[in-house]
Amino acid sequence: MQSEFNIMNISATGLSAQRFRIEVISTNIANSETTRTENGGPYRRKVPIFQEVLRNIKGNQENGGVMVKSIYEDPSEFRIVYDPTHPDADENGYVKLPNVNIVREMVDMINAQRAYEANATAINTTKAMINAALQIGR
């Protein structure tokens, strides 16, 4: 039974990680046109970095799931658009827009959603296995 609960714990960390990833992607999409931030420039795309969680069980390192290690700011170039009427346009009429590509964000969101669903399925399958094992004992 211990390994079944370990599977559920690992999948639960995966659910949390993918939920956080979806939140970051949503923030990127919401700020895809933000030209002014607290730092003074356009919004920079953010990407969560995940890290494996290792647990020490009886002297052996075992996988304990995943956690968010940090949030990485994408250093790629900002988009430059000619719009002399924009309040943040430079003297030549060009505006620096965030380095957020909506299509890429949507693909990442679908990927995160599928990973979330896979972890939820793993939890449900494990619960079904535990219930079946309990039924054998009756």
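For every chain, the first residue of the written sequence is number 1, and numbering continues from 1 along that sequence. Thresholds applied to this predicted model are a pLDDT of at least 70 for local features of residues and 80 or more for the giving and counting of side-chain atom pairs; totals over whole chains, interfaces and linings are not thresholded and use all residues. Note that the side-chain values use all heavy atoms of the structure and ignore hydrogens as well as water.

**Quick look at the overall build of the chain**
Piece 1. Within the chain one finds two helices and four strands.
Piece 2. Numbering of helices and strands runs from the N terminus, with a helix taken as a DSSP run of H or I at least four residues long and a strand as a DSSP run of E at least two residues long. In the chain, the succession of helices and strands from N to C terminus is α-β-β-β-β-α.
Piece 3. In summary, the chain has a C-alpha radius of gyration of 22 Å against a globular reference of 14 Å for 138 residues, an excess of more than 25%.
Piece 4. Burial analysis of the chain (138 residues in total) assigns 25% to the buried set.
Piece 5. Throughout, a residue-residue contact means that at least one pair of heavy atoms, one from each residue, lies within 4.5 Å. Within the chain, contacts between residues at least 6 apart in sequence are counted, and of these 59% link residues at least 24 apart.
Piece 6. Side chains of the chain give 15 positive and 16 negative charges; the mean places of these two sets differ by 10 Å. Atoms counted for the radius of gyration: C-alpha only. Globule rule: 2.2 Å times residue count to the power 0.38. Classification of residues uses two cut-offs on accessible area relative to the type maximum, computed with a 1.4 Å probe and protein chains only: under 20% is buried, over 50% is exposed, and between them is partly exposed. A residue counts as positive if it is Lys or Arg and as negative if it is Asp or Glu; His and the chain ends are not included. By convention, the charge on Lys lies at NZ, on Arg at CZ, on Asp at CG and on Glu at CD.

**Structural notes on the environment of asparagine 28**
Piece 1. Along the chain, the position of asparagine 28 falls in helix α1 (residues 2-30).
Piece 2. Once the C-alpha coordinates of asparagine 28 and tyrosine 94 are considered, the two residues, 66 residues apart in sequence, prove to be 22 Å apart.
Piece 3. Non-local contacts of asparagine 28, meaning those with residues more than four positions away in its chain, are made with Tyr43, Arg45, Lys46, Val100 and Glu105.

**Some remarks on the side chain of asparagine 99**
Piece 1. With respect to the helices and strands, the residue asparagine 99 is situated in the loop between β4 (94-97) and α2 (102-136).
Piece 2. We call two N or O atoms a polar contact when they sit within 3.5 Å, provided that within protein one can donate a hydrogen and the other can accept it, with sequence-adjacent residues counted only if both atoms are side-chain atoms. Here the side chain of asparagine 99 touches arginine 45 through a polar contact of 2.8 Å, landing on its backbone nitrogen.
Piece 3. At a separation of 2.9 Å, a polar atom in the side chain of asparagine 99 contacts the main-chain carbonyl oxygen of aspartate 74.
Piece 4. Excluding anything up to four places from it in sequence, asparagine 99 contacts Tyr43, Arg44, Arg45, Asp74, Ser76, Glu77 and Phe78.

**Considering the pattern of salt bridges**
Piece 1. In what follows, salt bridge is the name for a side-chain nitrogen of Lys or Arg lying within 4 Å of a carboxyl oxygen of Asp or Glu. Applying the stated rule across the entire model yields eight salt bridges.
Piece 2. Between arginine 36 and aspartate 88 there is a salt bridge whose closest N-O contact spans 2.5 Å. With a gap of 52 residues between them, arginine 36 in the loop between α1 and β1 (46-57) and aspartate 88 in the loop between β3 (79-82) and β4 connect regions that are remote in the sequence.
Piece 3. Judged by its relative accessible area of 54%, arginine 36 falls in the exposed class.
Piece 4. Note that glutamate 105 is salt-bridged to arginine 45, the shortest N-O span being 2.4 Å. On the criterion of sequence distance, the pair formed by glutamate 105 in helix α2 and arginine 45 in the loop between α1 and β1 is long-range, its members being 60 residues apart.

**Notes on the packing of aromatic side chains**
Piece 1. Each Phe, Tyr or Trp ring (for Trp, its six-membered ring) is paired with any other whose centre lies within 6.5 Å, and the angle between the two planes then decides the class: stacked below 30 degrees, edge-to-face above 60, tilted in between. A complete count under the given rule lists one aromatic pair for this structure.
Piece 2. Here the aromatic rings of tyrosine 82 and tyrosine 94 are separated by 5.2 Å at their centres, their planes lie at 65°, and the arrangement is edge-to-face. One end of the pair, tyrosine 82, is in strand β3; the other, tyrosine 94, is in strand β4, and twelve residues separate them in sequence.
Piece 3. On the basis of relative accessible area, tyrosine 82 is assigned to the exposed category, the value being 53%.
Piece 4. For tyrosine 94, a relative accessible area of 39% corresponds to the partly exposed category.

**Digging into the environment of serine 11**
Piece 1. Relative to the helices and strands, serine 11 resides in helix α1.
Piece 2. Of the residues examined, serine 11 reaches a relative accessible area of 5% and is grouped as buried.
Piece 3. In the structure, serine 11 is positioned 13 residues away from valine 24 in sequence and 20 Å away in space, judged by C-alpha atoms.
Piece 4. In this view, serine 11 contacts Asn119, Ala122 and Ile123; residues no more than four positions away in its chain are not counted.

In short, shape yes, function no, at least from these values alone.
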